[in-house]
Amino acid sequence: MAAFDYRCPLCKGSLSHTVRDGGEAYSCSTCAQRYPVIAGIADFRVYSDPYIDLESDRNKGLRLVEQAKKVSFEELLKFYYSITPEVPADLAQYYTNHHLAGVTRGAGILRRFLAYGLRAPATGERVIDLGCGTGGFLAAAAAQTGGEVIGVDVAFRWLVVARKRLEELGHKKVQLVCACADYLPFAENFADAIVAENLIEHVRNQRGLFAEIGRVRSAQSRVMARTVNRFAFGPEPHVGVWGVGYLPRHLMNGYVSAIKKIPYEHIHLQSQGELRSYISSSGQDDLAVSGALLSRDDYAHHSPARQIFFKTYSGLVQSRTILSGLATSVGPYLDVVSKPVRVTAPQHERVLVRV
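**Digging into the overall build of the protein chain**
1) Next: When you go through the protein chain residue by residue, the secondary structure sums to 12 helices and 13 strands.
2) Next: For a compact globule of 355 residues, the expected C-alpha radius of gyration is about 20 Å, and the protein chain comes in at 20 Å, within 12% of that figure.
3) Next: Along the first, second and third principal axes, the C-alpha atoms of the protein chain reach 65 × 45 × 40 Å.
4) Next: Out of the 355 residues belonging to the protein chain, those deemed buried represent 54%.
5) Next: Here the contacts in the protein chain between residues at least 6 apart in sequence split such that 66% fall between residues at least 24 apart.
6) Next: When the accessible surface of the protein chain is totalled, it reaches about 15,200 Å², and 54% of it is carbon and sulfur.
7) Next: Across the protein chain, 41 positive and 34 negative side-chain charges occur, with their mean positions spaced 4 Å apart.

**Some points on the sheet that holds strand β9 (residues 217-228)**
1) Next: Taken in spatial order, the 11 strands of this open sheet run β1-β2-β3-β4-β7-β6-β5-β8-β9-β13-β12, and their pairing is mixed. Each having just a single partner strand, β1 (15-20) and β12 (287-291) make up the two edges of the open sheet. With direction set aside, neighbouring strand axes in the sheet form an average angle of 20 degrees.
2) Next: In this sheet, β9 lies alongside strand β8 (residues 191-197) in parallel orientation, the contact comprising 6 bridges. Paired with isoleucine 194 across the bridge in β9 is valine 223.
3) Next: The strands that helix α6 (residues 156-168) touches are β3 (34-38), β4 (41-43), β6 (148-153) and β7 (175-178); relative to β7, the one it contacts most, it runs at about 170 degrees.

**Some points on the pattern of salt bridges**
1) Next: This model, assessed by the stated rule, comprises 19 salt bridges.
2) Next: Of the charged contacts, one joins glutamate 66 and lysine 69 as a salt bridge, the two residues approaching to 3.1 Å between their closest N and O atoms.
3) Next: Taking the relative accessible area as the measure of exposure, lysine 69 reaches 60% and is therefore exposed.
4) Next: Beyond isolated ion pairs, a larger network of salt bridges with shared partners links Asp43, Arg45, Asp49, Asp57, Arg58 and Arg157.

**Some points on a nonpolar patch on the surface**
1) Next: Taken together, the side chains of Phe231, Phe233, Trp242, Tyr246 and Phe309 make up a nonpolar region of the molecular surface, amounting to roughly 540 Å² of accessible area.
2) Next: Mapping phenylalanine 233 onto the fold places it in the loop between β9 and β10 (235-236).

**Side note on the confidence of the model for the protein chain**
1) Next: Confidence in the prediction of the protein chain, expressed as mean pLDDT, is 89, and 94% of residues score 70 or more.
2) Next: Summarising per-element confidence for the protein chain, the mean pLDDT is lowest in helix α10 (residues 296-299) (73) and highest in α6 (98).
3) Next: Counting contacts from residues 341-355, a segment whose pLDDT is below 50, to residues more than four positions away or on other chains yields 42 contacts.

**Let's talk about helix α2 (residues 73-82)**
1) Next: What α2 keeps buried is the set Phe73, Leu76, Leu77, Phe79, Tyr80 and Tyr81.
2) Next: Where α2 is buried, its residues touch α1 (54-68), α3 (89-100) and α6.

**Digging into the pairing of β9**
1) Next: Within β9, 10 of the 12 residues are buried, which leaves the element mostly enclosed by the surrounding structure.
2) Next: Read as a crossover between parallel neighbours, the route from β8 over helix α7 (residues 206-216) to β9 is right-handed.

**Observations regarding the packing of aromatic side chains**
Aromatic ring pairs are described here by two measures, namely the spacing of the ring centres and the angle between the planes.
1) Next: In total, this model carries 15 aromatic pairs according to the counting rule given.
2) Next: Judged by centre distance (5.4 Å) and plane angle (45 degrees), the rings of tyrosine 26 and phenylalanine 44 are tilted. Taken as a pair, tyrosine 26 in strand β2 (residues 23-28) and phenylalanine 44 in the loop between β4 and α1 lie far apart in primary sequence, 18 residues in all.
3) Next: The exposure class assigned to tyrosine 26 is buried, which follows from its relative accessible area of 5%.
4) Next: Ring centres 5.5 Å apart and planes at 50 degrees place the aromatic pair tyrosine 35 and phenylalanine 44 in the tilted group. Each of the two residues, tyrosine 35 as well as phenylalanine 44, counts as buried.

Each value, and the rule that gives it
- Residues numbered from 1 in each chain as written.
- Predicted model: local features only at pLDDT ≥ 70, side-chain atom pairs only at ≥ 80, totals over all residues.
- Heavy atoms only, no water.
- Helix = DSSP H or I, 4+ residues; strand = E, 2+ residues; numbered from the N terminus.
- Rg over C-alpha atoms; globule rule 2.2 N^0.38 Å.
- Buried < 20%, exposed > 50% of the residue type's maximum accessible area, 1.4 Å probe, protein only.
- Contact = heavy atoms within 4.5 Å.
- Areas by Shrake-Rupley, 256 points an atom, 1.4 Å probe, with all protein chains shown as cover.
- Lys, Arg positive; Asp, Glu negative; His and termini not counted.
- Charge placed at Lys NZ, Arg CZ, Asp CG, Glu CD.
- Pairing = 2+ DSSP bridges.
- Axes fitted to C-alpha atoms, helices over the stretch in contact; angles between N-to-C directions.
- Salt bridge = Lys/Arg side-chain N within 4 Å of Asp/Glu carboxyl O.
- Patch = residues over 30% accessible without salt bridge, like charges linked within 9 Å, V, L, I, M, F, W, Y side chains within 5 Å.
- pLDDT = per-residue confidence, 0-100.
- Right-handed = clockwise from strand over helix to strand, strands pointing away.
- Phe/Tyr/Trp six-rings, centres within 6.5 Å; stacked < 30°, edge-to-face > 60°.

What follows is the structure in structure tokens.
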């Protein structure tokens, strides 16, 4: 493991690293919390992944560790869904396609920095990917920058899968950290760039998430986050059900459960107004909410019909007409980006960002 100066995610005190008969761990002398290192991945979680308890997640991750010794990344993905029968077959295939396209989408995220007028992550900078999942952006960032790239996810099992991808691609120096995004184990001013792709809607405490992002950012850092628009027109992408975001929150779980037979209580779609409220309370005046800048990197793995939809959306956003605002209000995604926020993408994929 890389020797970062980790901090206690609860009290932010210094941690000591120990290796004893009881195993490898980080301990806080201030609040006496102990955080184990499991299969080489430090587990700083203060609460479990909402879909699975800590012990079950660790056990499932250890099964994946053993399987990863025998199979490829793609085969490991298939194995994951074979031992996760609660995910319906259609969603399992949809999620698998999403994961397999991860590096392509990750390269698109790096290009998006430039399209927003921001410096792309560079050698010598610390880059954190919050909600890194299976590590697509991590692989792309490591290949381009060679810098200090760190992936954070609340799911230990997904970090095991991400490590397999990174190992296959030769990026063994990327650091993987199991932690809650609203309780980060890093010091103040730690990160030069922070990416949070499709994370915000999964966090228990969105206001706490933005507060933590503000705490660990350096003075000149860049932030780029994307989340599903609560009021998007179309099926909710996590579950494939129409109209979820337009319901009062207390009805969403019952509605999705009745149609899809899966729970929805752990997904919290956000609107433009809610995101702006979190930004304001965190004091990060350089962050702004905009319609999402979409390029082919973002949707090439979707069906032809969905590709047409995304391309049409992008065209409406760049139209600079009354339709621009409409496209943002009901478009599929919202971006939270540090300034500058009004730029035009390169000529070959011109999209107006701020609407």
